[in-house]
Amino acid sequence: MKNKIIAGNWKMNKTRLQAEQLITQLIPLVQDTANTVIVCVPFTDLQTVLALTKGTNIHVGAQNCHWKESGAYTGEISPAMLAELGVEYVVIGHSERRTYFGETDQTVLLRTKAALAAGLKPIVCIGETLAERNDGLTEQVLTRQVTEGFKDITADELSRIIVAYEPVWAIGTGVTATDDQANDAIAFVRGVFARKYGAQAADALYIQYGGSMNDANAAGLLAMSDIDGGLIGGASLVADKFAAIVHASK
Ligand code: PEP
């Protein structure tokens, strides 16, 4: 089994001062893990968090980026801007961006390509809604998201991407996918990647689970054969809860 990649998605939470407090608490709690620890923070916290985590095992990510390098895109941030700061990862296509900000598989692909070109490592989110699951469309939706959202992605690029399977019905709801539901969906997604990139590339690909993962359910989820880590929202806002998830898989 691979070591796990545990990423926190702070969403639109934590002022600069609050970020400083959280990171200061987190650093000693996760310093002895063999797992990879990432915090994806609001743009306004990036510089603070980058400075505080320098020389530690905590990696830093943003939560979105545009696909253009610069220009008349008011309110947007380019991959080059993030890379210049020293940001390593960027979340792309989170369901909240798909739902509230019109993100599509096509814009996910554009952002992913641009992030890769700037040297960032994208964490690309996919996942079905509750209605889609209830209608028996989960596999169809995941296949579409992978086929369309990774259309021009080369095998070399895929090796620099993390995929997060996040069923929309489990995000921020307190309803977690069961260990088997999460593992089955991720194994299915891995199979879709295997058909395009081959079994070796698909096996090497990190696919996280996200959706109400917490310190109580993380050990079970992370023990599953296909789950390579977690993307954690709410529980990443409290240092000891996030640290417990980091340590849930030894
Ligand atoms: C997320 O924001 O990606 C997420 C999984 O949130 P939560 O853990 O709060 O469900």
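Here the structure is a predicted model, which is why all the values come from computation and not from measurement.

A few words now on the environment of Pro-122. Inspection of the secondary structure assignment puts Pro-122 in strand S5 (residues 121–126). On the basis of relative accessibility, which here comes to 0%, the residue Pro-122 falls in the buried class. Sequence separation between Pro-122 and Tyr-89 is 33 residues, and the spatial gap between their C-alpha atoms is 5.6 Å. Once residues lying within four places of it in the same chain are set aside, the contact partners of Pro-122 are Val-90, Ile-92, Thr-112, Ala-115, Leu-116, Arg-160, Ile-161 and Ile-162.

Attention now goes to unusual backbone geometry. Of note in this structure, Lys-11 is not a glycine but carries a positive phi near 50 degrees. Inspection of the secondary structure assignment puts Lys-11 in the loop between strand S1 (5–9) and helix H1 (16–30). Positioned with a positive phi, Lys-14 is a non-glycine residue whose angle comes to about 85 degrees. With respect to the helices, strands and loops of the structure, Lys-14 is situated in the loop between S1 and H1. Here Lys-14 falls in the partly exposed class, since its relative accessible area comes to 25%.

Below, the discussion takes up the site of the ligand. The local shell around the ligand holds 14 residues, among which Lys-11, Glu-166, Gly-172, Ser-212 and Gly-233 are the closest. Between the ligand and the protein, one listed contact pairs an oxygen atom with a side-chain N or O atom of His-94 at 2.9 Å. Between an oxygen atom of the ligand and a main-chain N or O atom of Gly-234, the distance comes to 2.8 Å. For the ligand, the protein covers 95% of the area, taking 290 Å² as the surface of the free molecule. Per-class residue counts for the shell around the ligand are four nonpolar, eight polar and two charged.

Rules and cut-offs
The written sequence of each chain sets the order in which its residues are numbered from 1. Local features are withheld for residues below a pLDDT of 70 in this predicted model, meaning they are given only at 70 or higher, and side-chain atom pairs are given and counted only at 80 or more; totals for whole chains, interfaces and linings count all residues. Based on all heavy atoms of the structure, the side-chain values leave hydrogens and waters out of the count. What counts as a helix is a DSSP run of H or I of at least four residues, what counts as a strand is a run of E of at least two, and both are numbered from the N terminus. We call a residue buried when its accessible area falls under 20% of the maximum for its residue type, exposed when it is over 50%, and partly exposed in between, using a 1.4 Å probe and counting protein chains only. Contacts: residue pairs with any heavy atoms within 4.5 Å of one another. The criterion for a residue being near a molecule or strand is simple. One of its heavy atoms has to lie within 4 Å of it. Polar contacts here mean pairs of N or O atoms no more than 3.5 Å apart (in protein, one a potential hydrogen donor and the other a potential acceptor; neighbouring residues in sequence count only if both atoms are side-chain atoms). For accessible areas, the Shrake-Rupley method is used with a probe of radius 1.4 Å. Any residue's cover is judged against the shown protein chains and nothing else. Following the grouping adopted for this structure description, the nonpolar residues are Ala, Val, Leu, Ile, Met, Phe, Trp, Tyr, Cys and Pro, the charged ones are Asp, Glu, Lys and Arg, and the polar ones are all others, Gly among them.

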